[in-house]
Amino acid sequence: MRALVTGAAGNIGKPLCLALEAQGWEVWRVDTKPGHREGYLTADVRNPIDIMRATRYGVDVIFHLASMVSRVTCEDAPSAAVDVNVVGTQNMIELAQQNGARLVYFSTSEVYGPDQTLMREAGPVRPNNLYGVSKYLGEQLVEYAVREWELDAVMLRPFMMYDELEDMGAHRSAMIRFAADLFERVPVVVHRGSARGWLHVSDAVRAIITAATCDAPRDERIINIGHPDVRPIKDLARMIAYEFGVDYGLIIEKDLPARMTAVKNPHLERQSRILDFEPFVTLDEGVSRVCAVMRDRLGEPVD
């Protein structure tokens, strides 16, 4: 099997490519980050002509992970967000169509918005930020191509994913930011009433790869992927603080900011039934992994 992975240098793309290769796939990596090695293309999904040489001999699956992510980033750069997340997706749809390949489109749980107690794939979709809107527009393009062009596609709506080896920075997930800051004895902010389930990347890639070959009814090819253990973000911060032996007083509660969803509670029946997938890594184990790697990365904590 031959796969093309966009966003291959990202925090999900990198372990996905390694997992595919471990299973015997031939993988073409595509990302905007410069790179000069076999099987890697420095290319932008907005300019598909640069990607076409990877499909010269055909690909079986296109994993389309490349996008502009983050609620804050997309609000700050709305034109770029729409360009990458909408135009780039249309280009990958056409590339998949030309190759007779399955498209695995990586959407986001942000499409649901803040109004659902339990986020069901067949339920209402009302995104409340530009990131969610742009990814939902991508879903609509994929659905149109499935209906009108008979495109073979599966759409995934991922919830919170993390990796102890992922990039660090203010734009990263709460898991990584909390670990970096609390290790250094820097206060962290948690939003009142917020809660998430956390899916380790080693589990996430298993679900993504399964989506490449799953046999599901056409009307059930939108699938949530996430962890069923949904806990308050404040509890996550306390777990990390406990690992590092720091005072809970460094955890500061504030009101939820605009355009953010307080609780993300995914309905995961399709994940279990269609992908035959259940996560292995518990939150306790994941926090321990993240904190262990953070100690190695940052050295001795600040007194």
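Quick notes on the rules
Residues numbered from 1 in each chain as written. Predicted model: local features only at pLDDT ≥ 70, side-chain atom pairs only at ≥ 80, totals over all residues. Heavy atoms only, no water. Helix = DSSP H or I, 4+ residues; strand = E, 2+ residues; numbered from the N terminus. Rg over C-alpha atoms; globule rule 2.2 N^0.38 Å. Buried < 20%, exposed > 50% of the residue type's maximum accessible area, 1.4 Å probe, protein only. Contact = heavy atoms within 4.5 Å. Areas by Shrake-Rupley, 256 points an atom, 1.4 Å probe, with all protein chains shown as cover. Lys, Arg positive; Asp, Glu negative; His and termini not counted. Charge placed at Lys NZ, Arg CZ, Asp CG, Glu CD. Salt bridge = Lys/Arg side-chain N within 4 Å of Asp/Glu carboxyl O. Polar contact = N/O pair within 3.5 Å; in protein donor to acceptor, adjacent residues only side chain to side chain. Phe/Tyr/Trp six-rings, centres within 6.5 Å; stacked < 30°, edge-to-face > 60°. Lys NZ or Arg CZ within 6 Å of the ring centre and 35° of its normal.

Attention now moves to the overall build of the chain. Broken down by element type, the chain carries 9 helices and 12 strands. Compactness check: the chain gives a C-alpha radius of gyration of 19 Å against a globular reference of 19 Å for 303 residues, within 12% of the reference. Projected onto its principal axes, the C-alpha positions of the chain cover 55 × 45 × 40 Å. Within the chain, the fraction of its 303 residues that count as buried is 53%. Within the chain, contacts between residues at least 6 apart in sequence are counted, and of these 76% link residues at least 24 apart. Of the roughly 13400 Å² of accessible surface on the chain, 51% is carried by carbon and sulfur atoms. With 34 positive and 43 negative side-chain charges, the chain shows a separation of 2 Å between the mean positions of the two kinds.

As enumerated under the stated definition, the model contains 20 salt bridges in all. Among the ionic pairs, Asp44 bridges to Arg46, the shortest N-O distance being 2.8 Å. A relative accessible area of 17% means that Asp44 is categorised as buried. Residue class for Arg46 comes out partly exposed when judged on its relative accessible area of 31%. The salt bridge involving Arg231 is made with Asp284; its shortest N-O contact spans 3.9 Å.

Examined against the element boundaries, Lys135 turns out to sit in helix α4 (residues 130-149). In terms of polar contacts, Lys135 uses its side chain to reach the backbone carbonyl oxygen of Phe106, at 2.8 Å. Setting aside residues up to four positions removed in sequence, Lys135 forms contacts with Ser67, Asn85, Tyr105, Phe106, Ser107, Thr108 and Val111.

Glancing now at the packing of aromatic side chains. How two aromatic rings sit relative to each other is set out by the distance from centre to centre and by the angle between their planes. Scanning the entire structure with this criterion turns up 5 aromatic pairs. On the basis of an interplanar angle of 75° and a centroid distance of 6.3 Å, the ring pair of Tyr144 and Trp149 is categorised as edge-to-face. The class of Tyr144 is partly exposed, set by a relative accessible area of 40%. Taking relative accessible area as the criterion, Trp149 reaches 34% and is therefore assigned partly exposed. The interplanar angle of 75° and the centroid separation of 5.1 Å between the aromatic rings of Phe183 and Phe244 together place this pair among those described as edge-to-face. Residue Phe183 is found in helix α5 (residues 174-183), and its partner Phe244 is found in helix α7 (residues 233-244); the two are separated by 61 residues along the sequence. Over the ring of Phe280 we find Arg206, and its NZ or CZ is 3.9 Å from the ring centre.

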